[in-house]
Amino acid sequence: MALADVERVSEIRVRGWQWAYRGLMPQAYLDALSVAEDAERRRAGFGEGGPGVVNLVAERAGTVVGRAAQGPDRDGEVLTGDAELYALYVSVEHIGTGVGRALLEEAARRAEALGHPGMRLWVLKDNVPARRFYARAGLHADGAEEPFEVAGVAVPEVRHRGRLPLGGSFRAAL
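Report on the accompanying structure. (Residues numbered from 1 in each chain as written. Predicted model: local features only at pLDDT ≥ 70, side-chain atom pairs only at ≥ 80, totals over all residues. Heavy atoms only, no water.)

## Considerations on the packing of aromatic side chains
Spelled out, the test is: Between rings of Phe, Tyr and Trp, where Trp is taken as its six-membered ring, a pair exists when centres lie within 6.5 Å; planes separated by under 30 degrees are stacked, by over 60 edge-to-face, and by other angles tilted. Whether a residue is buried, partly exposed or exposed follows from its accessible area with a 1.4 Å probe, protein chains only, as a fraction of its type maximum: under 20%, in between, or over 50%, in that order. For a lysine, the NZ atom is tested; for an arginine, the CZ atom; a charge sits over a ring if that atom is within 6 Å of the ring centre and within 35 degrees of the ring normal.
In total, this model carries two aromatic pairs according to the counting rule given. For the pair Trp17 and Tyr21, a centre-to-centre distance of 4.9 Å together with 70° between the ring planes defines the contact as edge-to-face. For the ring pair Phe133 and Tyr134, a centre distance of 5.1 Å and an interplane angle of 70° mean the geometry is edge-to-face. Residues Phe133 and Tyr134 agree in their burial class; the two are buried. Here the guanidinium or amino end of Arg13 rests over the ring plane of Trp17, the centre of that ring lying 4.5 Å away.

Written as structure tokens, this is what we have:
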């Protein structure tokens, strides 16, 4: 990911939240999300991810259509040794076309190359399509749940984890 990709990445993230989290988060909160504000935050922190953080974009016909970010996983302040998938977003019009699968596979490949034996991620508990996607990749809920509040409404997250390299029906579909 380059600094020039920030605006498009923010657009994908904001539109993705508005689409995927409809009915899972307060609609007023989703409607108020701003691409410009998200892009401003991303530009301000660009390149400050720290050692081992990888930011990827997927392109089709020269246009960014997805983004993934991964780096060292922490349990509190303690490094676990695993990688964490911090973000995976695909533009709404490209969902189901293999972009997310390709980004996840590349993030996992890079995490494995950095010596991480496994990968973890947090996903909204009620985001069933995303949880199925990760389960097909071999990343399954491990029983950990974390409170997450949006505009005064609880939208809990669950942790998924798996060993690297990714497997299951996900890998066979590549």
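Once the structure has been displayed, the description carries forward.
## Quick look at the nonpolar core
Heads up, the condition is: Throughout this description, the term nonpolar core refers to a set of buried Ala, Val, Leu, Ile, Met, Phe, Trp, Tyr and Cys residues connected via side-chain atoms within 4.5 Å. For the purposes of this entry, the term helix denotes a DSSP run of H or I that reaches at least four residues, the term strand denotes a run of E that reaches at least two, and both are numbered from the N terminus.
If you look at the biggest cluster of nonpolar residues, it comprises 26 residues, and the most contacted ones within it are Leu85, Leu88, Leu104, Met119, Tyr134 and Leu139. At the level of secondary structure, the elements contributing two or more residues to this core comprise β1 (54-60), β2 (63-75), β3 (78-90), α4 (99-113), β4 (118-124) and α5 (128-136). Among the elements that take part in this core, α4 stands out by supplying six residues, more than any other.

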